[in-house]
Number of protein chains: 2
Amino acid sequence: MIDLMIPFADNKSAPYYEQIYCFIKREIQEGRIGAGEKLPSTRQLAEKLSVSRSTTQLAYDQLVAEGYLETRPCRGYYAAEVESLLAMPERGTEEMASAPEENRGKQDGNGLLDFSPRGIDLGHFPFSVWRKLSRETLQAGNREFFASGLPRGEQRLRQAICDYLQASRGIHCRPEQVVVGAGSEYLLMLLWQVTGKRRIAMENPTYRQASRVLQGLGHDIVPVAMDRSGMRADLLARSGADMAYIMPSHQFPTGAVMSVSRRREILNWSAEAPGRYLIEDDYDSEFRYRGRPIPALCGSDYTGRVIYLGTFSKAVAPAIRVSYMVLPEELNRRYDEVCGFYASTVSRVDQEILARFLEEGYFERHLNRMRGIYRNKHEALLEALEPLRKDFRISGEMAGLHLLLESRRGEREETLIARAAEAGVRVYGLSAYFLEPAESHTVILGYANLEEEEIRRGVQTLREAWKGKNPT
Amino acid sequence: MIDLMIPFADNKSAPYYEQIYCFIKREIQEGRIGAGEKLPSTRQLAEKLSVSRSTTQLAYDQLVAEGYLETRPCRGYYAAEVESLLAMPERGTEEMASAPEENRGKQDGNGLLDFSPRGIDLGHFPFSVWRKLSRETLQAGNREFFASGLPRGEQRLRQAICDYLQASRGIHCRPEQVVVGAGSEYLLMLLWQVTGKRRIAMENPTYRQASRVLQGLGHDIVPVAMDRSGMRADLLARSGADMAYIMPSHQFPTGAVMSVSRRREILNWSAEAPGRYLIEDDYDSEFRYRGRPIPALCGSDYTGRVIYLGTFSKAVAPAIRVSYMVLPEELNRRYDEVCGFYASTVSRVDQEILARFLEEGYFERHLNRMRGIYRNKHEALLEALEPLRKDFRISGEMAGLHLLLESRRGEREETLIARAAEAGVRVYGLSAYFLEPAESHTVILGYANLEEEEIRRGVQTLREAWKGKNPT
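Residues numbered from 1 in each chain as written. Chains lettered and ligands numbered in written order. Predicted model: local features only at pLDDT ≥ 70, side-chain atom pairs only at ≥ 80, totals over all residues. Heavy atoms only, no water.

Draft legend 1. Just the overall build of chain A, in detail. Looking only at helices and strands, chain A has 15 helices and 16 strands in total. For chain A, whose C-alpha radius of gyration is 24 Å, the value lies close to the compact-globule estimate of 23 Å for 472 residues. Here the C-alpha coordinates of chain A stretch approximately 65 × 60 × 40 Å along the principal axes. Evaluated residue by residue, chain A yields a buried proportion of 63% over its 472 residues. If you take every contact in chain A between residues at least 6 apart in sequence, the share linking residues at least 24 apart comes to 72%. (Helix = DSSP H or I, 4+ residues; strand = E, 2+ residues; numbered from the N terminus. Rg over C-alpha atoms; globule rule 2.2 N^0.38 Å. Buried < 20%, exposed > 50% of the residue type's maximum accessible area, 1.4 Å probe, protein only. Contact = heavy atoms within 4.5 Å.)

Structure (structure tokens):
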């Protein structure tokens, strides 16, 4: 068994569990712990390092979650087979789903400055308001919030969501059409029960977490290529799909906005055969920096075929596990039949806090503030990238929380990622977002979680790392 | 269209929406509003009654949720076809899933004293502790609780659950086997993805909410009869099932405890063929009033085939949407493969509060207190029922939050329910819990939400209502 002597930092710059996690991770990545080698038990390691067992357990847990360690029942923890450091970034991108990425601040587990496209700037979250609303909600006399609530979510929250959708997204709907749930993944599970197994067209590349959930539910997924106007309607028509999952306002990860004529084509497609539906995932339309907001497709739905998915995870905070869907009438009736008996998955206290956050204008103020903050970061990044434009085609600007850089010299994303990592910066490959293996010359730079100064410094590093090397 | 002039109580004894809801409900039940009649819109009614539109909307919503009103798209609200008052109680029992039953206090919508088997005594919930933990969790500096957490739930909460299970339920498990989720229904959805479609044996009668969820997921359900020792193992063996959903410690609704020899038979059954599993739903084992606690089946699982389901909805509060499952090793590995990417559905703030509630002994104190309170109610009910013993066989005692009364004179449950309702008391029929239509002579009396004095008064009323009438 391996003997781990972990040199803790004196200044306790990071919690012990994090230091243990980082140390072991690096040992495995750099081959000093080989695949299949057995690690000490959490108890042994805790004794050796004089920390509590829950500390070592937490570190091991994270390593198991990220695939660095494997557990064998009744035998303990073993180092897993991992690819070399060069391949790590893309792996991490999507597979970490909900690992506590934001916790680790500006650097990833390897100490790289992290341009994660999944970051969120939590530094400006209005904690004091949230605390106040929480305190008031929990005041004595509000014990009804601890009794069961309405299955679709509390009336007050569903009304507040409708008001928001009408004012900000151009969608007219009634609270009776809204279902509140603990995350979009859960809502997709409910929706599966309403629509049954389907053949679902997805934009390619797309939001892989959604494709994974839909596949896990047994749906067939058909990748449909995009052009500048969004998912290609001609290919959709030939795909054999009877449902399509689209992000018309701001496609992830390409940043494409679906044109008005394409919207009409896609809506027409949905109306051409009975039982066809569109899922509109409107995950981050709140953050648009130039021009007018892009309206939701659902707002111009003349077919009654659009299922609208919204979430507060991006715009408020990831741990606020509240998403919602708006169902067209036909599906809404069917929902009552087959899902009407499911109790709400969001606690009433959280629903009440969020309803007041919306009703009392805090959400709007928070969005305006964050839009300003993200705009500044966005512009700092664009400005810093200016000298790179001769070598890279930059896209995805004007909205969202990341940009795409496509190499004009035909450099492969693996090369770009590896050189960046060597220089201390983590960027992400587009290929991880494709539904089928694809060669890519494009990297993604998320900036939500970085300060403007870090963005400039990071891009400066990237310029040097990527400069003047020959294409590979 | 109907003209509704609702006479509000002067003393505002109930919120307006509730008065509107009760008024319309009674009008429909008593036939003064006929099936198919159109009601005024929420706006019209709000204007007429000089209340806000959200008030009328809330009342209509509840009526739609309970099946009294139907909506027709773009046309408004219509009275639904409802059976006569006599048939209402059973309908209500299970179909209301998560309607705010507890909100309405001691009386159901018709003003009957309500012996609901789904009630919870929230009057003794430690609100001040919960508020304190909530306030401390939301203190500045704890912003990590707003970032994404671990997919299976926070390590701290999973550890606290393991400690509780070991101390109180005799289950030895590791946090890595635990999955925390927003309610048992959600966990059954995840489990379906792990096991695939199955043929599931269920005790008959059983917890119908679970059978509905399992059916909705596409599983086949096979009812298996019980005897005094629990689900009959001989019938299970012949059922063709490859999974069984059981409540060994306190079966719902019969209150049966699975005997040790039956446990062994059922465990043996699960081990006889590859891929067989048992789901142990341990929903309310905390409340046992005489003798020693019944250990969980999972604690004596020598086969690695038991999936343990637990919840805090009963023992803490219904709106605390936190349940958990403990997976045996083989399924646990499969879970990581097929469900490992699902983000947790419970907010980290709630997880942290609950973890501290468990760790710091509040949960144990709360349980001890509630056990005492429920024991007193339970004994008050048993004592009050003493004179009825000559006409009724009483069962389900010693645990849980309800009793069963089976008529020795062969009276049908409908008759018992109707006579009770005429006298002002609502009791529930056992037939609603059967998986197939069944004739029943048994009614259920839940007592969690009633005071001892109300229990005594209610039973006195029942004695008179049921006295000396001829069997029907």
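Draft legend 2. Seen up close, the packing of helix α14 (residues 413-422) of chain A against helix α15 (residues 452-466) of chain A. All names here are of chain A. Direction vectors running N to C along α14 and α15 enclose 120°, while the axes themselves pass 9 Å from each other. In terms of axis orientation, α14 runs oblique to α15. The crossing of α14 and α15 is right-handed. Residue-level inspection shows Leu416, Arg419 and Ala420 of α14 in contact with α15, the latter providing Leu462, Ala465 and Trp466. (Axes fitted to C-alpha atoms, helices over the stretch in contact; angles between N-to-C directions. Parallel < 35°, antiparallel > 145°, perpendicular 65-115°, else oblique. Left-handed = near helix turned anticlockwise from the far one by under 90°.)

Draft legend 3. Structural view of the sheet that holds strand β13 (residues 402-407) of chain B. Residues and elements named next belong to chain B. Strand order in the open sheet formed by 4 strands is β12-β13-β16-β15, and the pairing between neighbours is antiparallel. Each having just a single partner strand, β12 (392-395) and β15 (428-429) make up the two edges of the open sheet. As judged from the 5 bridges shared by β13 and strand β16 (residues 442-446), these two strands associate in the antiparallel manner. Residue leucine 404 lies in a different strand from β16, and its bridge partner there is isoleucine 444. (Pairing = 2+ DSSP bridges.)

Draft legend 4. Local environment of the pairing of strand β10 (residues 306-311) of chain B. All names here are of chain B. Most of β10 is tucked away, with 6 of its 6 residues classed as buried. Across 4 bridges, the pairing between strand β9 (residues 277-281) and β10 is parallel. From the neighbouring strand, glutamate 280 faces β10, where its bridge partner is tyrosine 308. Sheet topology note: the β10/strand β11 (residues 323-326) ladder contains 4 bridges and is antiparallel.

Draft legend 5. Fine view of the interface of chain B and chain A. Facing the 64 residues of chain B at the interface are 64 residues of chain A. Both sides of the chain B and chain A interface together cover about 5800 Å² of buried area, and 62% of this is carbon and sulfur. For the pair chain B and chain A, the number of links is 15 residue pairs in polar contact (both at pLDDT 80 or more). When residues in the side of chain B that touches chain A are grouped by element, the largest group, 6 residues, is from helix α7 (residues 184-195) of chain B. (Buried area = accessible area lost by both parts, 1.4 Å probe. Polar contact = N/O pair within 3.5 Å; in protein donor to acceptor, adjacent residues only side chain to side chain.)

Draft legend 6. Just the side chain of B:Thr137, in detail. Topologically, B:Thr137 is positioned in helix α5 (residues 127-137). Within the structure, B:Thr137 has its side chain in polar contact with the backbone oxygen of B:Leu133 (distance 2.7 Å).

Draft legend 7. The arrangement of the pattern of salt bridges in detail. With the rule as written, the count across this model stands at 56 salt bridges over all chains. Notably, a salt bridge pairs A:Lys132 with A:Glu136, separated by 3.6 Å at the nearest N-O pair. Placement of the pair is A:Lys132 and A:Glu136 together in helix α5 (residues 127-137), with a separation of 4 residues, close to one helical turn. On the accessibility criterion, A:Lys132 (28% relative accessible area) is partly exposed. Looking at A:Glu136, the relative accessible area reads 31%, which means it is partly exposed. A salt bridge links B:Asp282 to B:Arg169, with the shortest nitrogen-to-oxygen separation between them at 2.7 Å. (Salt bridge = Lys/Arg side-chain N within 4 Å of Asp/Glu carboxyl O.)

Draft legend 8. Representation of the packing of aromatic side chains within the structure. Considering all chains together, one arrives at 34 aromatic pairs over all chains under this definition. Where A:Tyr186 meets B:Tyr186, the ring centres are 5.6 Å apart and the plane angle is 75°; that geometry is what we call edge-to-face. Taken as a pair, A:Tyr186 in helix α7 (residues 184-195) and B:Tyr186 in helix α7 lie in two separate chains rather than in one. For the residue pair A:Tyr186 and B:Tyr186, the accessibility class agrees, reading buried in each case. Ring plane angle 90° and centroid distance 5.9 Å describe the contact between B:Tyr207 and B:Phe252, whose orientation is recorded as edge-to-face. Taken as a pair, B:Tyr207 in the loop between β5 (199-204) and α8 (208-216) and B:Phe252 in the loop between β8 (243-246) and α10 (260-272) lie far apart in primary sequence, 45 residues in all. Taking the relative accessible area as the measure of exposure, B:Tyr207 reaches 31% and is therefore partly exposed. Judged by relative accessible area, which is 7%, B:Phe252 ranks as buried. Members of the aromatic cluster, each reached through a chain of ring pairs, are A:Phe125, A:Phe127, A:Trp130, A:Tyr164, A:Tyr308, A:Phe312, A:Tyr324, A:Phe357, A:Tyr362 and A:Phe363. Between A:Arg212 and the ring centre of B:Phe341, over which it is positioned, the NZ or CZ distance is 5.9 Å. Here the basic side chain of B:Arg305 rests over the ring of B:Tyr277, its NZ or CZ set 6.0 Å away from the ring centre. (Phe/Tyr/Trp six-rings, centres within 6.5 Å; stacked < 30°, edge-to-face > 60°. Lys NZ or Arg CZ within 6 Å of the ring centre and 35° of its normal.)

Draft legend 9. Main features of the nonpolar core. Membership of the largest hydrophobic core comes to 182 residues, with the highest contact counts inside it found for A:Trp130, A:Phe146, A:Trp466, B:Trp130, B:Phe146 and B:Trp466. Excluding residues within four positions of it along the chain, B:Phe146 makes contact with A:Leu122, A:Phe125, A:Phe127, A:Trp130, A:Ala317, A:Pro318, A:Ala319, A:Ile320, B:Leu138 and B:Val349. Residues A:Val194, A:Leu309, B:Leu188 and B:Cys339 belong to the second largest nonpolar core, which totals 62 residues. (Core = buried A, V, L, I, M, F, W, Y, C linked by side-chain atoms within 4.5 Å.)

Draft legend 10. Region of the structure containing the relation of the copies chain B and chain A. The two copies are related by a screw motion: chain B maps onto chain A through a turn of 180° and a shift of 0.0 Å along the axis, at an RMSD of 0.1 Å. Classification of the inter-copy transformation places it as that of a two-fold axis. When you check the interface residues of chain B against chain A, 100% turn up at the interface there too, and the contact is symmetric in its surfaces. (Least-squares fit on C-alpha atoms with pLDDT ≥ 70 in both.)

Draft legend 11. Broad picture of helix α12 (residues 348-359) of chain B. Residue and element names in this part refer to chain B. The end-to-end C-alpha separation of α12 is 16 Å, in line with the 16 Å expected for 12 residues at 1.5 Å each. Three or more residues of α12 are buried, namely Arg348, Val349, Asp350, Gln351, Glu352, Ile353, Leu354, Ala355, Arg356, Phe357 and Leu358. Directly after α12, the chain includes glycine 361, whose backbone phi takes a positive value near 85°. (Expected span 1.5 Å × (residues − 1).)

Draft legend 12. Just helix α2 (residues 42-49) of chain A, in detail. All names here are of chain A. Those residues of α2 lying buried are Thr42, Leu45, Ala46 and Leu49. For α2, the angular spread of the buried residues around the axis is 100°, confining them to a single face. Count one or two residues on from α2 and you reach serine 50, which has phi positive near 55°. (Arc of directions from axis to C-beta.)

Draft legend 13. Geometry of the sheet that holds strand β7 (residues 230-231) of chain B. Residues and elements named next belong to chain B. Here we have 8 strands laid out as an open sheet, ordered β4-β11-β10-β9-β8-β5-β6-β7, and mixed in their pairing. Strands with a single pairing partner mark the edges of an open sheet, and in this sheet they are β4 (178-181) and β7. Across the sheet, α7 is in contact with β4, β8, β9, β10 and β11; its angle to β11 comes to roughly 30°.

Draft legend 14. Spatial organisation of the environment of A:Arg262. Residues and elements named next belong to chain A. Mapped onto the secondary structure, arginine 262 falls in helix α10 (residues 260-271). In contact with arginine 262, not counting residues within four places along its chain, are Asp227, Ser229, Gly230, Met231, Arg232 and Ala233. At 2.9 Å, the side chain of arginine 262 forms a polar contact with the backbone oxygen of methionine 231.

Draft legend 15. Examining unusual backbone geometry more closely. Between A:Asn204 and the following residue, A:Pro205, the backbone shows a cis peptide bond with an omega angle of 5°. In this fold, A:Pro205 is placed in the loop between β5 (199-204) and α8 (208-216). Of note, the bond from B:Phe252 into B:Pro253 is cis; its omega dihedral lies within 30 degrees of zero at 5°. Along the chain, the position of B:Pro253 falls in the loop between β8 and α10. A positive phi angle, close to 85°, is found at A:Met398, a residue other than glycine. As for its placement among the helices and strands, A:Met398 is situated in the loop between β12 (392-395) and β13 (402-407).

Draft legend 16. Up close: the side chain of B:Arg131. The topology assignment puts B:Arg131 in helix α5. From its side chain, B:Arg131 meets the backbone oxygen of A:Leu138 in a polar contact 2.6 Å long.

Draft legend 17. Representation of the environment of A:Gly149. By the element assignment, A:Gly149 lies in the loop between α5 and α6 (155-169). In sequence terms A:Gly149 and A:Leu217 are 68 residues apart; their C-alpha atoms lie 27 Å from each other.

Draft legend 18. A look at the packing of α7(B) against helix α11 (residues 329-339) of chain B. Residue and element names in this part refer to chain B. It is at 9 Å that the axes of α7 and α11 come closest, and there the two elements cross at 100°. Accordingly, the angle class assigned to the pair α7 and α11 is roughly perpendicular. Residues Leu190, Gln193, Val194 and Thr195 of α7 touch α11, and the partners they reach there are Leu331, Arg334, Tyr335, Val338 and Cys339. A breakdown of the residues in the contact of α7 with α11 according to their chemical character gives 6 nonpolar, 2 polar and 1 charged. (Nonpolar A, V, L, I, M, F, W, Y, C, P; charged D, E, K, R; others polar.)

Any functional reading would require information beyond the geometric quantities listed.
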